[in-house]
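Geometric and topological summary
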Amino acid sequence: MLFNHDSDLVGLLQTFAPLFSERVWPFAQELLLGAILAPGKRTVSSILRVLGLGAFVHFQNYHRVLNRAQWSPRLAAQLLFQQLVQAFGKSGPLVFGLDETIERRWGRRIAARGIYRDAARSSKAVTNKTSGLRWLSVQLLAKVPWAHKIWGLPFLTVLAPSARYYEKRGRQPQKLASRAKQVVLQIKRWAPQRALIFLADSSYAALELLAWCQHLKVTLITPLRLDAALFAPAPKGARGKRGRPRCKGRVLPKLSARLESPKTKSRRMWVDWYGKGKRKVEVATGTAVWYHSGKVPVPIRWVLVRDPLGEFESRALLSTNLTQSAQEIVELYTRRWQVEVTFEETRAHLGFETQRQWNQKSIQRATPVLLGVFSLVTLMAHRLQQQVPGSLRPRAAAWYPKARVSFSDALGYVRAHLWKKDFCMSAQNSDSRKLRKIWLNHLASLLCYAK
């Protein structure tokens, strides 16, 4: 084991020890710490180099943690979820961001690879496509006290292959909405007594998913099409009347027509706008039944949001919880932007998209673990901050004023603690009881090379 047993972070890492056998756990632990300490690419070879294990002959043991060892990523996600709730979500409803991201990968051996629209490089006028893997990620949107901001903390990530992947195997393609239903049910089972709120983009505004969330008594907030077919609730049928009961009432005006109509009753309110403080918007709201032929009718609360200054386009939101206020719906949905921030942070600081595994089991494990490292680093920084309040500060400069702590600050804070406590190179503090012999041999070879 590469780190000191007296380390303050051992208790957090030991949470995941029951997932692995006694023989595999030391290798898994070192891979996890190496993924935090390694700069640049997050390949197994780069992790071994940063740990001083470049000369380790049985390096294949580390690869086998991903491609052969018996352990469950789903149980790992559950343990990480429990740690996040205990640290950042002890009270109130749990708010989650639900979104997919594309891991750009090429290679014939990657069976689940597909061609997808690259949202980060596309616009309304230009559509760019890329080869890669599509991942559906769930993130806990919670306020991190020492960052004074809401962060997106990933804990459950599942592969969502394209329709071509299922067709080649003679299986029925599974849509994103169907995959999202499985994810929502899993989280509901992990936290059956808590109020759950999911925030998603328009890809998840599907009637079957909305009906599923209402069945589970879970709130889902998504954008709503301005031309959606909305109806009044179905009138109660008369007793003794034959035939099926009505599932909808009279047709309601389109939301696009409500935007243009001067009769639409709207009011101005101040809402928290994408973490940039209060902003005044015009809001109109109401309830309706969203219905499409052949689908289950779903009662929803719709909200129209308009900018009096005209800086952004008018939009519509829906919530499966009819008792929510319009202000709550708008302020909750603006948190969803933190999901995109987390994806970008993992690409910039955790080497997302730099993995080079070809084994199918490795592919399905490496990316969810790498996204989970984002949350693990946040938990580590949180524990260290609790022990020494105020020790984590933003790394600002004269040319770069910075008021809030970012993830790069938290990552540097955790790395400094690991290097100082567990990989000390001071002459006064011997490392002989902390490090393996191979680490010392590696340092000796470096010194000889320097001479």
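What follows concerns the overall build of the protein chain. Across its full length, the protein chain carries 14 helices and 11 strands. Projected onto its principal axes, the C-alpha coordinates of the protein chain cover approximately 90 × 55 × 45 Å. Counting the 451 residues in the protein chain, one finds 51% classified as buried. Across the protein chain, contacts joining residues at least 24 apart in sequence account for 64% of those joining residues at least 6 apart. Total accessible area on the protein chain is roughly 23,900 Å²; 52% of this is exposed by carbon and sulfur atoms. With 73 positive and 27 negative side-chain charges, the protein chain shows a separation of 7 Å between the mean positions of the two kinds.

Take the packing of helix α2 (residues 25–37) against helix α4 (residues 60–67) next. Two elements in contact, α2 and α4, have axes whose closest approach is 9 Å; the angle formed by their N-to-C orientations is 90 degrees. With respect to each other, α2 and α4 are oriented roughly perpendicular. Two secondary-structure elements touch here, α2 through Phe-27, Ala-28, Glu-30 and Leu-31 and α4 through Asn-61, Tyr-62 and Val-65. In terms of residue class, the contact of α2 with α4 is made up of 5 nonpolar, 1 polar and 1 charged.

So, on to unusual backbone geometry. Within the chain, Lys-217 stands out as a residue other than glycine whose phi angle is a positive 60 degrees. With respect to the helices, strands and loops of the structure, Lys-217 is situated in the loop between α8 (207–215) and β6 (219–223). By relative accessible area, which is 73% here, Lys-217 ends up exposed. One non-glycine residue, Glu-353, lies in positive phi territory at about 85 degrees. Assignment of secondary structure puts Glu-353 in the loop between α11 (337–349) and α12 (360–387).

This brings us to the packing of helix α7 (residues 176–190) against α8. The N-to-C vectors of α7 and α8 enclose an angle of 15 degrees; their axes lie 9 Å apart at closest approach. By the angle between their axes, α7 is roughly parallel relative to α8. Seen from above, α7 lies across α8 with right-handed handedness. Taking contact as the criterion, the partners of Ala-177, Ala-180, Lys-181, Val-184 and Leu-185 in α7 are, on α8, Glu-208, Leu-209, Trp-212 and Cys-213. Residue classes in the contact of α7 with α8 are distributed as 7 nonpolar, no polar and 2 charged.

The next subject is the pattern of salt bridges. Here the structure, examined in full by the defined rule, presents 15 salt bridges. Linking Arg-279 and Asp-307 is a salt bridge whose minimum nitrogen-to-oxygen distance equals 2.9 Å. A residue pair is termed long-range when its members are at least 10 positions apart, and Arg-279 in strand β9 (residues 278–290) and Asp-307 in the loop between β10 (298–306) and β11 (315–319) qualify at 28 residues. The class for Asp-307 is buried, based on a relative accessible area of 5%. Three or more residues joined by partner-sharing salt bridges are found here, namely Arg-104, Asp-118, Arg-121, Arg-347 and Glu-353.

It is worth spelling out the environment of Ala-228 at this point. Here Ala-228 lies in the loop between β6 and β7 (230–231). We classify Ala-228 as buried; its relative accessible area is 4%. Distance in space between the C-alpha atoms of Ala-228 and Phe-312 is 21 Å, their sequence separation being 84 residues. Apart from residues no more than four positions distant in its own chain, Ala-228 is found in contact with Lys-254 and Trp-290.

Nonpolar side chains in soluble globular proteins tend to end up buried together. Ranked by size, the top nonpolar core spans 107 residues in total, and within it Phe-96, Phe-155, Ile-187 and Trp-290 carry the most contacts. Here the element with the most residues in this core is α2; it accounts for 9 residues. Sequence-distant contacts of Phe-155, defined by excluding residues within four places in its chain, comprise Ala-77, Leu-80, Phe-81, Leu-84, Phe-96, Val-138, Gln-139, Leu-140, Ile-187 and Trp-190.

Centre distance and the angle of the planes are the two values used to describe a pair of aromatic rings. Counting across every chain of the model gives 16 aromatic pairs. Look at Phe-20 and Trp-71: their rings are 5.2 Å apart centre to centre, the planes differ by 40 degrees, and that puts the pair in the tilted class. With Phe-20 in the loop between α1 (10–13) and α2 and Trp-71 in the loop between α4 and α5 (73–88), the pair connects residues that are 51 residues apart, well separated along the chain. Here Phe-81 and Phe-155 contribute two aromatic rings whose centre-to-centre distance is 4.9 Å and whose plane-to-plane angle is 35 degrees, an arrangement assigned as tilted.

Once that is clear, we can look at the pairing of β11. Across the 5 residues of β11, 4 count as buried, placing the element largely inside the fold. Pairing analysis gives 3 bridges linking β6 to β11, with the strands arranged antiparallel. Counted as the bridge partner of Thr-222 is Leu-318 from β11. Note that β10 and β11 share 5 bridges and pair antiparallel. Directly across from Arg-301, in β11, lies its bridge partner Ser-319.

On to a positive patch on the surface, then. Where like charges cluster on the molecular surface, the positive patch consists of Arg-113, Arg-164, Lys-168, Arg-169 and Arg-171. Its place among the elements puts Arg-171 in the loop between α6 (163–168) and α7.

A separate point is α4. Every buried residue of α4 is listed here: Tyr-62, Val-65 and Leu-66. One face of α4 carries all of its buried residues, which in axial projection span an arc of 90 degrees. The inward-facing, buried residues of α4 abut α2, α3 (44–50) and α12.

What counts as what
Residues numbered from 1 in each chain as written. Predicted model: local features only at pLDDT ≥ 70, side-chain atom pairs only at ≥ 80, totals over all residues. Heavy atoms only, no water. Helix = DSSP H or I, 4+ residues; strand = E, 2+ residues; numbered from the N terminus. Buried < 20%, exposed > 50% of the residue type's maximum accessible area, 1.4 Å probe, protein only. Contact = heavy atoms within 4.5 Å. Areas by Shrake-Rupley, 256 points an atom, 1.4 Å probe, with all protein chains shown as cover. Lys, Arg positive; Asp, Glu negative; His and termini not counted. Charge placed at Lys NZ, Arg CZ, Asp CG, Glu CD. Axes fitted to C-alpha atoms, helices over the stretch in contact; angles between N-to-C directions. Parallel < 35°, antiparallel > 145°, perpendicular 65-115°, else oblique. Nonpolar A, V, L, I, M, F, W, Y, C, P; charged D, E, K, R; others polar. Left-handed = near helix turned anticlockwise from the far one by under 90°. Salt bridge = Lys/Arg side-chain N within 4 Å of Asp/Glu carboxyl O. Core = buried A, V, L, I, M, F, W, Y, C linked by side-chain atoms within 4.5 Å. Phe/Tyr/Trp six-rings, centres within 6.5 Å; stacked < 30°, edge-to-face > 60°. Pairing = 2+ DSSP bridges. Patch = residues over 30% accessible without salt bridge, like charges linked within 9 Å, V, L, I, M, F, W, Y side chains within 5 Å. Arc of directions from axis to C-beta.

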